[in-house]
Number of protein chains: 2
Amino acid sequence: MMIKFRKLPASACKTLWKMGREDPRRVIHGLKVAAALTIVSFLYLLEPLFEGFGKNAMLAFMTVVVVLEFTAGATLCKGFNRGLGTLCASSLAFFIEFVAEKTGQKCRAAFVGASVFVIGFMATYLRFVPYIKKNCDYGVLIFLLTFILITLSSYRVENVLNIVRERLYTIGIGCSICLLMSLLILPNWSGEDLHSSTVCKLEQLARSIEACVSDYFKDKDIGVKEEEAETSRNLLYRGYREVLDSKSSDETLAHFASWEPRFSRNCHKYPWHLYVKLGGVLRRFGYVAVALHGCLESEIQTPRSIRYIFQDPCTQVATEVTKALTELATSLKNRRRFCPDMLSDHLHKALQDLDTAIKSQPRLFLGSKSANNMLVNWKNDKETSPRVTLPSVKSDISAILSELRHKKIAKRSKDSEERKQLRPTPSKLAIKSLEFSEALPFASFASLLVEMVARLDLVIEQVEELGNAANFKEFQGKDDVVIDMSGKENGREIQNQTTVGE
Amino acid sequence: MMIKFRKLPASACKTLWKMGREDPRRVIHGLKVAAALTIVSFLYLLEPLFEGFGKNAMLAFMTVVVVLEFTAGATLCKGFNRGLGTLCASSLAFFIEFVAEKTGQKCRAAFVGASVFVIGFMATYLRFVPYIKKNCDYGVLIFLLTFILITLSSYRVENVLNIVRERLYTIGIGCSICLLMSLLILPNWSGEDLHSSTVCKLEQLARSIEACVSDYFKDKDIGVKEEEAETSRNLLYRGYREVLDSKSSDETLAHFASWEPRFSRNCHKYPWHLYVKLGGVLRRFGYVAVALHGCLESEIQTPRSIRYIFQDPCTQVATEVTKALTELATSLKNRRRFCPDMLSDHLHKALQDLDTAIKSQPRLFLGSKSANNMLVNWKNDKETSPRVTLPSVKSDISAILSELRHKKIAKRSKDSEERKQLRPTPSKLAIKSLEFSEALPFASFASLLVEMVARLDLVIEQVEELGNAANFKEFQGKDDVVIDMSGKENGREIQNQTTVGE
């Protein structure tokens, strides 16, 4: 027990040190707040300044402590709320003072009490309105406080105007120090946090999907200990969870980002709301990814022998999806437009291969082992009428993909040619008889992979919309910037995001 | 434009009125805050009371406005934070005052300034620690503010003890009025919100799954307009989303609930954390539900003819899952234990039927139409060796389910008998040749249904754990309470939940 207590300070120090190393901006923020407070305390400590503001300096402290937030957007938003709340409350208080002046002292007490009750009720109730709750909850709080203070002060003190003026001055001083610290000295932008967290989410999804598919086809008996596999799975799952649970922090960041001076000169208003929308699309993509991940943990597992047959095409599709996501992340990171043409061809090819592989195993889903030794005579039907369409996985997906392109018709005709070439020849097929129920989970796995490709399209669409709205630069050949896929940086970014989110 | 402006007040009033009707507790909360503020204002307005507290009454106002939250738990938590923060800050300020006393006036200013800087930095930095952020963010804020106020006051004022005493008195008065209002007069409990939102989530999942499966098999050509279908789908999706996005609000509610006096007398500490855990399990269940829902919106659709074959067994499984979820919701609502035996038999049966149905269509997943006219000769192999195991969907699921029961062995032997009886006879099977790719999405749908049953087990387990930990009453036959499945009440509960969450 004693040893534990003795170790406590050491471990606490270690945690604090690690926190600072993970994100030095936290230390900087701490120093900024401390500096702002010290500057305000000069108002109180230095004789000549004290004469002027002294007694009201406390309000300036309060303003600094409450308003100076981690990011510039949050500080601006809170400062504005505080200023506006105080102004509105002052005006209303003056109006009530004007009305109350005409009544006697006794009546006046009742009048002041009643106005406190009514305004208190109204302000509290208004805070439940979703729009107000989201945008100016703090402003209404400050409004209520200031109104009560001024109205009650006016009951005892003669010159309320002085009180109000001093209040506004000190709050003004506090707010300007906050803005100075927040906007000019090493500012943290909510917008950049949102941008980098979105990039990070794309990268994490890419990594998770790759790991998930390779895990699905990995031979568990060889190498890798159970514990290691467990931790890698947990890591995988955490990757999804960051994406799936990002809703509220995304919205908060976007809200604060909309308060920040836009760093893009070309466009009218930076489209932060599209980041939130992209986050939503990524979440829907993530649901499929989680369902895919669920195939790993499912109680009913397809035997390794069956999986092995489809390993290559599945891995291929997963690789292409991963590549697309990574490419999206890179283009977003460099604020340049995304060029879907480069990828869709490979994706096409991979889907085609998967389709072919699945078609080449028609008996995979045949009945139970009781039908083990049955014979199948294939009769090749040479008369394939030309009007027979082949609504395969690939054709559907390719239809979606090709809609995005301009050369629709040319492409399609090429596709159908390819399809003809790739038609399986049933007589040569390997025939295996397997439990239907065992193959069912694999069918789900494959179907989810295909579904994922369909959802990927929505992601690509959303990133393109974002690129257009934010006036990203056009894509010009390959860019040299390499994405840093190391865990450390991304971990940091994610943590910042949650820090700010609250 | 003018008309729009003229209509604005009317529509605003309508919104406010609707908000109040949806949840009258909001109006009550508003009235409570107003009443508390009016009571505090008596301290200032009435002559005899003003003599005692008057000048410091403002702090009491501030305490009421900031501390009096919507639920009792939140008020308690904030009040405690405020009190503790003030106490700690006062002690530290006295200590620093004691040290500073021994230095000269000039030195003292520097000393005070330095201590403001150091404490300001430390407090701000500490607020980034996740544990502190979650539990006492507000306390650290108040600590910092109080510390600065007292330390600086001690520089100018002789008797700091008086200031501190008055501060503590007024904060004490403010807090006690808050607690009185919050705990004794029509209290809103975070715990009850959490409880009812969990019940509501279960009900919503049940409704969504039922609607999703019936939608999947519905004939779109007949009846129902496109718009109606669209809105019903949106409603469906919103049901999931409430579950999937509930993480942060669940955690907040559970945190505040842990502050509330427990209403259960029997158990030591009410297990609110298990509600959060159940929420997590429900979210993982929800991911499968969303993936299932994705089958409705998928780009590749299985033709109606194929779906029709499996309509009955699939609907059966969905109905059983829905029944189980509804039963879970009812038992949780009535705070009684859940009895899984009642349901698992039906669930077994439904899974078995689905398995049989899928096995009865072995050719569903055969190649493309180019192999349209091929002939298959089934040769029934009568020699089924007894050691051949049948790892079917059903057997796996039943294994999980039966583990939950006590009569493990007896059940299992019965199961395997059933399985033998249900083995399909391939010769009688209807043979249809269909595109593999078209059947693939259905395989995914069926597999997700089965996966859902597997996940349902985790939900049941979690509800049982919760029931044990919270000492729910034992199940005694059927209870009479009927769940109100109407949308209105649930909508209200969900909204409360988000209201409190922020």
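Everything below is about the structure shown above.
One structure accompanies this document, and this report is about it. The structure displayed is predicted, hence computed values, not measured ones.

## Side note on unusual backbone geometry
Stage number 1. Despite not being glycine, A:Leu186 shows a phi value in the positive range, around 40°.
Stage number 2. Its location among the elements puts A:Leu186 in the loop between α9 (160-184) and α10 (190-216).

## Examining the environment of A:Leu145
Stage number 1. Position of A:Leu145 among the secondary structure elements: in helix α8 (residues 137-156).
Stage number 2. Looking at A:Leu145, the relative accessible area reads 9%, which means it is buried.

## Topic: the pattern of salt bridges
Stage number 1. Evaluated as defined, the whole model comprises 24 salt bridges over all chains.
Stage number 2. Between A:Glu465 and A:Lys277 there is a salt bridge whose closest N-O contact spans 3.6 Å. In this pair, A:Glu465 sits in helix α18 (residues 436-469) while A:Lys277 sits in helix α13 (residues 272-297), placing the two residues 188 residues apart along the sequence.
Stage number 3. A relative accessible area of 35% means that A:Glu465 is categorised as partly exposed.
Stage number 4. With a closest N to O distance of 3.1 Å, B:Glu97 and B:Arg108 form a salt bridge. Of this pair, B:Glu97 sits in helix α5 (residues 72-100) while B:Arg108 is found in helix α6 (residues 105-126), placing the two residues eleven residues apart along the sequence. Just as B:Glu97 is buried, B:Arg108 falls in that class too.

## Here we look at the packing of helix α4 (residues 57-67) of chain A against helix α7 (residues 130-156) of chain B
Stage number 1. Remark: α4(A) packs on α7(B), axes separated minimally by 10 Å, with the N-to-C direction vectors making an angle of 155°. Regarding the angle of α4(A) to α7(B), the classification is roughly antiparallel. Between α4(A) and α7(B) the crossing geometry is right-handed. Across the interface between the two elements, A:Met58, A:Phe61, A:Met62 and A:Val65 from α4(A) touch B:Leu141, B:Leu144, B:Leu145, B:Ile148, B:Leu149, B:Leu152 and B:Ser153 from α7(B).
Stage number 2. Class assignment for the residues of the contact of α4(A) with α7(B) results in ten nonpolar, one polar and no charged.

## Observations concerning the packing of aromatic side chains
Stage number 1. Summed over all chains, the structure comprises 21 aromatic pairs over all chains.
Stage number 2. Judged by centre distance (4.4 Å) and plane angle (50°), the rings of A:Tyr270 and A:Trp272 are tilted.
Stage number 3. For A:Tyr270, a relative accessible area of 5% translates into the label buried.
Stage number 4. Using a relative accessible area of 5% as the deciding quantity, one classes A:Trp272 as buried.
Stage number 5. Centroid distance B:Phe143 to B:Phe147: 6.4 Å. Interplanar angle 15°. Geometry classified as stacked. One end of the pair, B:Phe143, and the other, B:Phe147, are both in helix α7, four residues apart, so they sit about a helical turn from each other. Here the two residues B:Phe143 and B:Phe147 agree in accessibility, since each one is buried.
Stage number 6. Ring pairs connect the aromatic residues A:Tyr216, A:Phe217 and A:Phe445, which therefore count as one cluster.
Stage number 7. The ring of A:Tyr138 is capped by A:Lys78, whose NZ or CZ atom sits 4.8 Å from the centre of that ring.

Procedures and definitions
Positions within a chain are numbered from 1, following the residues in the order the chain's sequence is written. All chains are assigned letters beginning at A, and all ligands numbers beginning at 1, according to the order in which they are written. Per-residue local features of the predicted model are confined to residues with pLDDT of at least 70, and side-chain atom pairs are confined, for both listing and counting, to 80 or more; whole-chain, interface and lining totals are unaffected and use all residues. Hydrogens and waters are ignored; side-chain quantities use all the structure's heavy atoms. Segments assigned H or I by DSSP are reported as helices when at least four residues long, segments assigned E as strands when at least two residues long, and all are numbered from the N terminus. To sort residues, take the accessible area from a 1.4 Å probe on protein chains only and compare it with the maximum for the residue type: under 20% means buried, over 50% means exposed, and anything in between is partly exposed. Salt bridges, as used here, are contacts in which a Lys or Arg side-chain nitrogen is within 4 Å of a carboxyl oxygen on Asp or Glu. Axis lines are fitted through C-alpha atoms, for helices just across the contact stretch, and the angle between N-to-C directions can take any value from 0 to 180 degrees. For this classification, under 35 degrees means roughly parallel, over 145 means roughly antiparallel, 65 to 115 means roughly perpendicular, and everything else is oblique. A crossing counts as left-handed when the near helix is turned anticlockwise from the far one by less than a right angle, and as right-handed when that turn is clockwise. In this analysis, two residues are considered to be in contact whenever any of their non-hydrogen atoms come within 4.5 Å of each other. Side-chain classes follow a simple rule in which Ala, Val, Leu, Ile, Met, Phe, Trp, Tyr, Cys and Pro form the nonpolar group, Asp, Glu, Lys and Arg form the charged group, and the remainder, Gly included, forms the polar group. A pair of Phe, Tyr and Trp rings is counted when the ring centres sit within 6.5 Å of each other, with Trp represented by its six-membered ring. The angle between the planes then sorts it: under 30 degrees is stacked, over 60 is edge-to-face, the rest tilted. Two thresholds decide whether a charge sits over a ring: the Lys NZ or Arg CZ must be within 6 Å of the ring centre and within 35 degrees of the ring normal.

Nothing here speaks to function; it is all geometry.
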